[in-house]
Amino acid sequence: MKYGYALIVTCLVAPGCGDSRPASFIGPTTVTSTPAPVGAYTLSGTIRDLDGVPLAGVTLAIAQPNEGRSVVSDAQGRYSLHNVSGLIYLRVSKEGYFESSVTRFVAGDQVVDMTLSERLALVPGTILRGTVRGDPCDPVGWDARALCQRIIFTAPTSGTLDLVLTWNGSSELDILVDGQYFDPPRVLGEIHAQAHVASGRHYEIRINSYYSPQAFELHSEFQSTP
């Protein structure tokens, strides 16, 4: 009796039991969603200088991916990059200004405003006056909060460049010449720096401010190697 009962139960739970048709098995149902459109977004914004004046004629070139695409800002400093998506690397440049780079992940229309710093050149024997107020020059390796002013010096010949950085304010400044850091000032508001330079080479001088805009004067003298 127990044996016959087992047969009945088996027939009830077994697929196709008592049916002459072959059993059919239905697998798990996969629900698919419509993916977001690829390359259907717009990256736009306005480019200004440090005084807030819109800059026309700024070139924004895609470095990765789709290298070769570029746009130029209009008379109001506005730009638009259409049909972009994913991780975008941009090179932003204009003659007379320091080149900048921007990285954005584009998964929808975005507005990204940018600021360019004017390219300052150091002329030995003169006093360069300015205000440190630009974006950090090295937000990863140096200090992400320090405002920065970049200055270019081209050595006319091989020799020695002497610099004296002075300021009068609450912010602390420091100076780097081609990546070389100089010790904190022995005199409050004054730093002396000296660098040996090679003929025709371009050197970058960075002045960092901690952590607000600060006016400065940079005195320079150059002595050629005999």
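Whatever comes next refers back to the structure up there.
Residues numbered from 1 in each chain as written. Predicted model: local features only at pLDDT ≥ 70, side-chain atom pairs only at ≥ 80, totals over all residues. Heavy atoms only, no water.

Attention now goes to the nonpolar core. With 25 residues, the main nonpolar core has Leu-122, Ile-151, Leu-163, Leu-165, Ile-175, Ile-205 and Leu-218 as its most contacted residues. Looking at this core, the elements with two or more residues in it are strand 10 (127–132), strand 11 (147–154), strand 12 (159–166), strand 13 (172–177), strand 15 (190–197), strand 16 (202–210) and strand 17 (214–224). Considering every element that reaches this core, the biggest residue donor is strand 15, with four residues. Every residue in contact with Ile-205, bar those within four places of it in the chain, is listed here: Leu-122, Gln-149, Arg-150, Ile-151, Phe-153, Leu-161, Leu-163, Ile-175, Leu-176 and Val-177. Residues Leu-43, Leu-81, Val-92 and Val-106 belong to the second largest nonpolar core, which totals 19 residues. (Core = buried A, V, L, I, M, F, W, Y, C linked by side-chain atoms within 4.5 Å. Buried < 20%, exposed > 50% of the residue type's maximum accessible area, 1.4 Å probe, protein only. Helix = DSSP H or I, 4+ residues; strand = E, 2+ residues; numbered from the N terminus. Contact = heavy atoms within 4.5 Å.)

This brings us to the pairing of strand 6 (residues 100–106). Sheet topology note: the strand 5 (residues 86–93)/strand 6 ladder contains seven bridges and is antiparallel. By the bridge assignment for strand 6, Tyr-89 is matched with Thr-103. Taking the residues that link successive antiparallel strands as the turn, the strand 5-strand 6 hairpin has six residues, and the phi of Gly-96 there is positive, at about 90 degrees. (Pairing = 2+ DSSP bridges.)

Turning our eyes to something else, we now look at the sheet that holds strand 9 (residues 120–121). Backbone-to-backbone hydrogen bonds pair the strands of a sheet. The strands run either parallel or antiparallel. Taken in spatial order, the five strands of this open sheet run 9-11-16-13-14, and their pairing is mixed. Lying at the two open borders of the sheet, with one neighbouring strand each, are strand 9 and strand 14 (180–181). As paired strands, strand 13 and strand 16 are joined by six bridges and run antiparallel to one another. Pairing of Leu-173 across the sheet is with Ser-209, part of strand 16.

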